[in-house]
Amino acid sequence: MSKVTVVGAGKYGSTTAQRLAEADIADEVVITDIVEGLPQGLALDMNQSRPVVGYRTLVTGTNDYADTAGSDVVVITAGLPRKPGMTRMDLLEVNAGIVTNVVNQLMEYSPEAILIVVTNPLDQMTTLAAEVSGLPRHKVLGQAGMLDSARFAHFISGATGADILDIEAVTLGSHGATMVPVPSLCKVGGKPLAEALDADTIDELVDRTRSGGAEIVGLLKTGSAYYAPSAAAAAMVEAILTDSGATMPVCAWTEGQYGIEGVYLGVLAKLGASGVAEILETPLTETEVAALHEAAVAVKEKVEDLRQLGQDGE
Ligand code: APR
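Small disclaimer: the values here were computed from a predicted structure and weren't measured. Each chain carries its own residue numbering, running from 1 in the direction its sequence is written. Selection of residues for local features in this predicted model requires a pLDDT of at least 70, selection of side-chain atom pairs for listing and counting requires 80 or more, and totals for whole chains, interfaces and linings are taken over all residues. Calculation of side-chain values draws on the structure's entire complement of heavy atoms; hydrogens and water are dropped beforehand.

Enquirer: Just give me the short version of the domain arrangement of the protein chain, but keep the residues and values in it.
Expert: Split by domain assignment, the protein chain resolves into domain 1 (3–142) and domain 2 (145–304). When domain 1 packs against domain 2, the two sides together hide about 3,100 Å² of surface, and 69% of this comes from carbon and sulfur. Here a helix means four or more residues in a row that DSSP labels H or I, a strand means two or more in a row labelled E, and each is numbered from the N terminus. Where the side of domain 1 that touches domain 2 is concerned, the elements lending two or more residues are α1 (11–23), β4 (73–76), β5 (114–117), α5 (122–133) and β6 (140–142). A per-element tally of the side of domain 1 that touches domain 2 places α1 first, with seven residues. Ten residue types, Ala, Val, Leu, Ile, Met, Phe, Trp, Tyr, Cys and Pro, are classed as nonpolar, four, Asp, Glu, Lys and Arg, as charged, and the remainder, Gly among them, as polar. Residues belonging to the side of domain 1 that touches domain 2 are distributed by class as follows: 18 nonpolar, eight polar and nine charged. Domain start and stop points were drawn from an automatic or database domain assignment. Throughout, the accessible surface (probe 1.4 Å) given up by two parts as they are put together, summed over both, is called the buried area.

So this is what it looks like as structure tokens:
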């Protein structure tokens, strides 16, 4: 019996639950939220789509953590999204409170679960979830790099005219200002990105990727992106549930890779039944390694902000 819980039945959570259910890789997907009726209504609606779409996964909507008991993987989306003009950091205090509360309740019923955090600010919320849960670090990871890489791939496809499915794009670092898109690891039709686009164009795409979330927030006016984010989170869950060993850019606990340790940072990792099975140290240019170090310093500073709030569960 495999069971996945999605905490937060908002835009991100509901689309993640839908993608997971339609992928038909779990016996049960539970959606939970503090709003009464919301997860139950969404679950009923999704379940009724099963004969049309053709999948068996049963979706349960609940406000009671007892129903999440024995989850193998949990995706934490609970929290407020950004409004136009807000940075992810502006969400820190309120979302820290929510994530602490959610993780404490989850651990009561699913002490063995693997936690995938998507609530922003991502790097801090992932750190917080790891500390509050007390789980081994490889069982707590954050979704950011899959999404940022997908955005980068979309922009590369637009600029080159190449088939979106022929593009490999990688972003590392933080989910924010110190995001590190990695042109040296990007490929178009199997060839280096630098052969397809000039340096100025690549820089423009890198900048647009870095502010890719804000661009969508600005257009939507209320709420933040969820289609690509939920696709990214669902892909991570699938890799873990199926123990696929797929390599993905994720926010993971570093232990000396690239000379960086003791911080949650976007790196390439193999995902499997244990969560983060291995962090890969793919060769990077000097500039890219320097940018990764800069991102690590920035995240460490922001984790300090979190500690100032006194909500890190310690
Ligand atoms: N427990 C469970 N659910 C909660 C809690 C809580 N303590 N607090 C808030 N929620 C729920 C809200 O009721 C709401 O249904 O979280 C949901 C958030 O949904 P949206 O407002 O639609 O936000 P969404 O777009 O899903 O983003 C969620 O992901 O990308 C990040 O920055 C984004 O941190 C935000 C998160």
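Enquirer: Can you tell me about the layout of surface pockets, naming the residues and giving the values?
Expert: Approximately 940 Å³ is the volume attributed to the largest pocket. Using a 1 Å grid laid over the protein atoms alone, points where a 1.4 Å probe fits but cannot get out form a cavity; open sets with protein on both sides within 12 Å along at least 5 of 7 lines form a pocket; any residue with an atom within 4 Å of a point counts as lining. Forming the boundary of the largest pocket are 46 residues, of which Thr 77, Ala 78, Gly 79, Leu 80 and Pro 81 lie nearest the centre. Residue assignment for the lining of the largest pocket shows that the elements contributing at least two residues are α1, α4 (92–109), α6 (145–160) and α9 (212–220). When the residues that make up the lining of the largest pocket are grouped by side-chain class, the tally is 21 nonpolar, 18 polar and seven charged. Residue-level mapping places the lining of the largest pocket at the junction of two domains, with at least three residues from each of domain 1 (3–142) and domain 2 (145–304). Grid points are joined across faces, edges and corners, and a volume is the space filled by probe spheres set on the points.

Enquirer: Tell me about empty space enclosed by the protein, and name the residues and values.
Expert: Taken as a whole and judged by the stated rule, the model has one cavity of 30 Å³ or more. When its volume is computed, the largest cavity comes out at roughly 50 Å³. Around the largest cavity, the lining residues are Leu 122, Asp 123, Ala 144, Gly 145, Asp 148, Thr 171, Leu 172, Gly 173, Ser 174, His 175, Cys 251 and Gly 266. Counting only elements with at least two residues in the lining of the largest cavity, the list comes to α5, α6 and β8 (171–173). Tallying contributions element by element places β8 first for the lining of the largest cavity, with three residues. A class-by-class count of the residues in the lining of the largest cavity yields four nonpolar, six polar and two charged.

Enquirer: Before we move on, can you summarise the site of the ligand with the specific residues and values?
Expert: Near is defined per residue: the residue qualifies when any heavy atom it owns lies within 4 Å of the molecule or strand. Neighbouring the ligand are 23 residues, the closest being Lys 11, Tyr 12, Asp 33, Thr 77 and Asn 120. Contact between the ligand and Leu 80: an oxygen atom at 3.1 Å from a main-chain N or O atom of the residue. A distance of 3.5 Å is found between an oxygen atom of the ligand and a side-chain nitrogen or oxygen belonging to Asn 95. Bound to the protein, the ligand loses 86% of the 730 Å² it would expose on its own. If over half the atoms of a molecule are within 2 Å of the grid points of a cavity or pocket, the molecule is regarded as sitting in it. The cavity that encloses the ligand is the largest pocket. Of all the secondary-structure elements, those providing two or more residues to the shell around the ligand are α1 and α4. Any pair of nitrogen or oxygen atoms within 3.5 Å is treated as a polar contact; in protein, a donor-acceptor pairing is required on top of that, and neighbouring residues in sequence qualify only through side-chain atoms on both sides. Note on areas: Shrake-Rupley, 1.4 Å probe, and residue coverage restricted to the protein chains presented here.

Enquirer: Explain a nonpolar patch on the surface residue by residue, including any values.
Expert: To count toward a patch, a residue needs a relative accessible area above 30% and no salt bridge. Like charges then connect within 9 Å, nonpolar side chains (Val, Leu, Ile, Met, Phe, Trp, Tyr) within 5 Å. When a carboxyl oxygen of Asp or Glu lies within 4 Å of a side-chain nitrogen of Lys or Arg, that pair is called a salt bridge. Together, Ile 34, Val 35 and Leu 38 give the surface a local cluster of nonpolar side chains, amounting to about 300 Å² of exposed area. By secondary structure assignment, the location of Leu 38 is in helix α2 (residues 38–48).

Enquirer: Could you give an account of the state of the cysteines, naming the residues involved and the relevant values?
Expert: Disulfides are defined as cysteine sulfur pairs within 2.5 Å. Within this structure, the stated rule accounts for zero disulfides. Left unpaired, Cys 186 is separated from the closest cysteine sulfur, that of Cys 251, by 19 Å. Each residue is assigned to one of three classes by its accessible area relative to the maximum for its type, calculated with a 1.4 Å probe on protein chains only: buried under 20%, partly exposed between the two thresholds, exposed over 50%. For Cys 186, a relative accessible area of 1% puts it in the buried group.

Enquirer: Please provide a residue-by-residue account of the side chain of Glu 131, values included.
Expert: Looking at the element boundaries, Glu 131 is found in helix α5. Looking at Glu 131, its side chain comes within polar contact range of the side chain of Arg 307, at 2.9 Å.

Enquirer: Explain the packing of aromatic side chains to me, and be specific about the residues and the numbers.
Expert: Side-chain rings of Phe, Tyr and Trp (the six-membered ring for Trp) are treated as a pair once their centres are within 6.5 Å; stacked means planes under 30 degrees apart, edge-to-face means over 60, and tilted covers the remaining angles. The full count for this structure, using the stated rule, is two aromatic pairs. When the ring of Tyr 226 is compared with that of Tyr 227, the centres are 4.7 Å apart and the planes differ by 35°; the resulting orientation is tilted. When its relative accessible area of 18% is taken as the criterion, Tyr 226 is described as buried. Two thresholds decide whether a charge sits over a ring: the Lys NZ or Arg CZ must be within 6 Å of the ring centre and within 35 degrees of the ring normal. Sitting over the ring of Trp 253, Arg 137 keeps its end group 4.4 Å from the ring centre.

Enquirer: Pulling in residues and values, what's your account of the sheet that holds strand β7 (residues 167–168)?
Expert: Strand order in this open sheet of three strands is β7-β10-β11, and the pairing throughout is antiparallel. Across the chains shown, the open sheet's two edge strands, defined by having one partner strand only, are β7 and β11 (191–192). The pairing of β7 with strand β10 (residues 187–188) spans two bridges and is antiparallel. Looking at β10, one finds that Glu 168 is bridged to Lys 187. Paired strands, as defined in this entry, are two strands with at least two bridges between them according to DSSP.

Enquirer: Tell me about a negative patch on the surface, and name the residues and values.
Expert: A surface patch of negative charge is lined by Asp 198, Asp 200, Asp 203 and Glu 204. Within the secondary structure, Glu 204 sits in helix α8 (residues 199–210). His residues and chain termini do not enter the charge count, which takes Lys and Arg as positive and Asp and Glu as negative. Every charge is mapped onto a representative atom, which is NZ of Lys, CZ of Arg, CG of Asp or CD of Glu.

Enquirer: How would you explain α9 if you had to name every residue and give the values?
Expert: Listed in full, the buried residues belonging to α9 are Gly 212, Gly 213 and Val 217. One side of α9 holds all its buried residues, which, seen down the axis, span an arc of 135°. In what follows, a contact means two residues having at least one pair of non-hydrogen atoms within 4.5 Å. Elements in contact with the buried residues of α9: α6 and α8. Backbone geometry just after α9 places Lys 221 at a positive phi near 70°. Note that the arc is defined by the directions from the helix axis to the C-beta atoms.

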